[in-house]
Amino acid sequence: MDAVGKILEEQLVTHGLSPAYAAIRTLTEVIRRSNESTGQGLIKELEQAKECLINEPHPLKSHTGRTPLSVMSGCDMFLHHIHKTLSEGDRAEFQNIKTKLVSQGLKLSEMRPICLNRITQMALRSFKDGQVILVHGYSEVVVTILLKAAEKFNITVLVTECRPFCEGYLMCEQLCKAEVSNKLIVDNAVACVMESVDMVMIGAEAVVENGGVVNRIGTYGIGLIAKSFLKPLYVCADSLKFVRMFPLSQRDLPEFTQGTVKAWPGHKMWQEIMTPIVDLTPPELITLLFTDLGILTPSGISDELIQLFR
Amino acid sequence: MEHLIPNFKDFLRSLKRGNNTGNHELCCRTCKFLLSLIKQFRLNSVHDVPILISTISLFGQLSSDILPLEISVVNIVRRVLHIIREEAEHRNIDISSENQRITTLTGFFRESETYSSTVDLIDLRETIKTEVKNLMEELETHKHNISDQASTHIFSNEIIMTYGYSSTVLEFLCSAKSVGRNFEVLVGESAPLLTGHQMCKELAAKNIATTLITDSAVYALMSRVNKVIIGTRALMANGGLLTEAGKYGVCLAAQAHCVPVLVTCGLFKLSPLYPFDQDTFNEFLSPNTIADRPESHEVEFINYSVPAFDYIPPELISLYITDVGGKMCSYLYRLLSEYYSIEDYNLYS
């Protein structure tokens, strides 16, 4: 199943797709290249491909530093759609169904700009002139929203460094290029600056069933600080990130959310640190979620998930 | 469709100019207007149904332009649109417009469905008319449905605080009294319009022990209060309230003393909009309401700020008493999806 990993890498690198959409493209490629002649066989092959994508996330980690959670959610949603189409379709027209699935997969993977557009339209309503926005982690959706908002309003963005992956620098680079007023702050300075912040905006690697959000490590802490200062926390994610998971605590997240990072080179004793890469922010800390399905409160997520997986 | 615009604008301006007896009256008139529009609309073929929907959407757009703070009026438009969309979906009529079709994942997955081309349009019109008449009946009986629940929330020897004048709360309290509960009511006078005075008079007329208090006394007396019951102008999608100015302070005082806050509101006030702060849906009243003929040299240096409305965040509210029963904040998204269609949340798209 090496080929699957290679296809995913190609989608991520050459086409610059985000992980969930790249996973859908990969599965579409698998369908296209498949020699199976039955629905069950095709589904089995796709399930194997999905397992391979999730358990060997090397291309994912090295290129984007993310966990395979969004790959998992994208695959689940597409596979559910495939199941439904195959069970409703006529067995004799299998080749037609296959071609239809391939074209649908390609169309679905191109929906990202449309989803981004919708999310941006909704998120823009929460901005006003002179606001200070705190962001954590690198999210394409948040960057798009901030750039659009900066065209209309006079905003300042505080970006956390976001160690250990230092994604904050990437965020700052993009904001500087667009000449949006921004300031890079150390992760531990969040509590210190929170009183001058008007809102916190984050992306999501996955949105779980109870409305909680899995995002870069440190988000939980920022959520707690924002709640105690009564500042709103907005999550921006497209509905492909909705996952049918119900973690009750931080320990309930899957195995692949743990990783090792290089220690600070200044001290010779330790080379690596074992750390969770992502953490779970519970729904009580989240004010609103901006998704392409609309503006949702955390309590509305489970209903939307049921609709998507019907 | 364009020839109807002057007609719509005339009606909306008449609403604006009217006696302003409360937004319930405006909603009833809007509902009647939409019913007559549906009766007269020419439905010759299946393709006329999307045109009906866009005509009513246009009316909705005009009403949010001409009456920006009458959120309930636009809600009625959305309710009628939802009725039409549901009936059309039951009969498998294609009502989606080209650009709306695939903008969400759920839309994408539902894209490949077959639509019928011949439909009994007379039956469709009759069903829609019946549903809209049910909506009108709901508007007329919502206070009755809410006050029926009063005996489950109010008990004897309780001290209840309310603020300003609300006819729904008035009926709610009177209903509890008529069942035999013996309670006391503290009414905040709600400066500068002093609507609390009217509330006091009407409560006293029903033999309910009432005390009129100034706004500044609300926090001091809150420790003796068992419940706070308030009405609202509009209920937003996240559970926040858009009410007359002054109630935010009452709710904060209630939170500080751990007193539950109950909100009585009809479902027609539930809006799919989200406010982000105090100014999103607000207007300022004339300085005349607080300053009696200011001297000309004062006017230069003094700023008179009289906001008409308050936005109360959902964390301060314990229970919403609606005509379908008592609901928690986390349940509102269900009510929204039941009574409104997502395509109508933003009438301008």
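Residues numbered from 1 in each chain as written. Chains lettered and ligands numbered in written order. Predicted model: local features only at pLDDT ≥ 70, side-chain atom pairs only at ≥ 80, totals over all residues. Heavy atoms only, no water.

> Can you tell me about helix 6 (residues 94-109) of chain A, naming the residues and giving the values?
Between the first and last C-alpha of helix 6 of chain A there are 22 Å, a value that for 16 residues agrees with the 22 Å anticipated at 1.5 Å per step. Listed in full, the buried residues belonging to helix 6 of chain A are A:F94, A:I97, A:K98, A:L101, A:V102, A:Q104, A:G105, A:L108 and A:S109. (Helix = DSSP H or I, 4+ residues; strand = E, 2+ residues; numbered from the N terminus. Expected span 1.5 Å × (residues − 1). Buried < 20%, exposed > 50% of the residue type's maximum accessible area, 1.4 Å probe, protein only.)

> Describe the sheet that holds strand 11 (residues 288-291) of chain A, and please don't skip the residues or the numbers.
Residue and element names in this part refer to chain A. The strand order 3-2-1-4-7-11-12 describes an open sheet built from seven strands, whose pairing is mixed. Where the open sheet ends on each side, the last strands, each with one partner, are strand 3 (181-185) and strand 12 (294-296). With strand direction ignored, the average angle separating the axes of adjacent strands in the sheet is 25°. (Pairing = 2+ DSSP bridges. Axes fitted to C-alpha atoms, helices over the stretch in contact; angles between N-to-C directions.)

> Residue-level account of the domain arrangement of chain B, with values.
Residue and element names in this part refer to chain B. By the assigned domains, chain B splits into domain 1 (2-144) and domain 2 (148-339). For domain 1 versus domain 2, the distance between C-alpha centres works out to 31 Å. Every contact between the two is made by 17 residues of domain 1 and, on the other side, 24 residues of domain 2. With both chains or domains summed, domain 1 and domain 2 bury close to 1,800 Å², and 56% of this area falls on carbon and sulfur atoms. If you sort the residues of domain 1 by the area they bury against domain 2, L69, I71 and K143 come out on top, with a joint share of 35%. Applying the counting criterion to the domain 1 and domain 2 interface returns one salt bridge. Its salt-bridge partner being R233, residue E70 comes within 3.5 Å of it at the nearest N-O pair. Counting across the interface, domain 1 meets domain 2 through seven residue pairs in polar contact (both at pLDDT 80 or more). Among the elements that make up the side of domain 1 that touches domain 2, the one with the highest residue count is helix 4 (residues 71-90) (seven residues). Looking at the side of domain 1 that touches domain 2 residue by residue, the class counts come to five nonpolar, seven polar and five charged. (Domains from an automatic or database assignment. Contact = heavy atoms within 4.5 Å. Buried area = accessible area lost by both parts, 1.4 Å probe. Salt bridge = Lys/Arg side-chain N within 4 Å of Asp/Glu carboxyl O. Polar contact = N/O pair within 3.5 Å; in protein donor to acceptor, adjacent residues only side chain to side chain. Nonpolar A, V, L, I, M, F, W, Y, C, P; charged D, E, K, R; others polar.)

> Please give an account of the packing of aromatic side chains that cites residues and values.
If you walk through the whole model with that rule in mind, you get eight aromatic pairs over all chains. Summarising the aromatic geometry, the rings of A:Y234 and B:F276 are spaced 6.0 Å apart at their centres and angled 85° between planes, so their arrangement reads as edge-to-face. Of this pair, A:Y234 sits in strand 7 (residues 233-236) while B:F276 sits in the loop between strand 7 (261-264) and helix 12 (296-301), on two different chains. Ring pairing ties together the aromatic residues B:F8, B:F11, B:F33 and B:F59, which thus form one cluster. (Phe/Tyr/Trp six-rings, centres within 6.5 Å; stacked < 30°, edge-to-face > 60°.)

> Before we move on, could you go through the environment of B:E140 and cite the residues and values that matter?
Within the secondary structure, B:E140 is located in helix 6 (residues 121-147). Classification of B:E140 by relative accessible area gives exposed; the value is 52%.

> Can you tell me about the domain arrangement of chain A, naming the residues and giving the values?
All names here are of chain A. Taken as a whole, chain A is organised into domain 1 (2-110) and domain 2 (116-308). Spacing between the C-alpha centres of domain 1 and domain 2 amounts to 27 Å. Taken together, the contact pairs 17 residues of domain 1 with 20 residues of domain 2. Summed over both partners, the interface of domain 1 with domain 2 buries about 1,600 Å², with 67% contributed by carbon and sulfur atoms. Summed over the three residues of domain 1 that lose the most area to domain 2, namely R66, L69 and M77, the buried surface amounts to 36% of that side. Counting across the domain 1 and domain 2 interface gives zero salt bridges. The interface formed by domain 1 and domain 2 includes three residue pairs in polar contact (both at pLDDT 80 or more). Listed by contribution, the elements that provide at least two residues to the side of domain 1 that touches domain 2 are helix 2 (19-33), helix 4 (58-64) and helix 5 (69-88). In terms of residue count, the dominant contributor to the side of domain 1 that touches domain 2 is helix 5 (seven residues). Grouping the amino acids of the side of domain 1 that touches domain 2 by side-chain chemistry returns eight nonpolar, seven polar and two charged.

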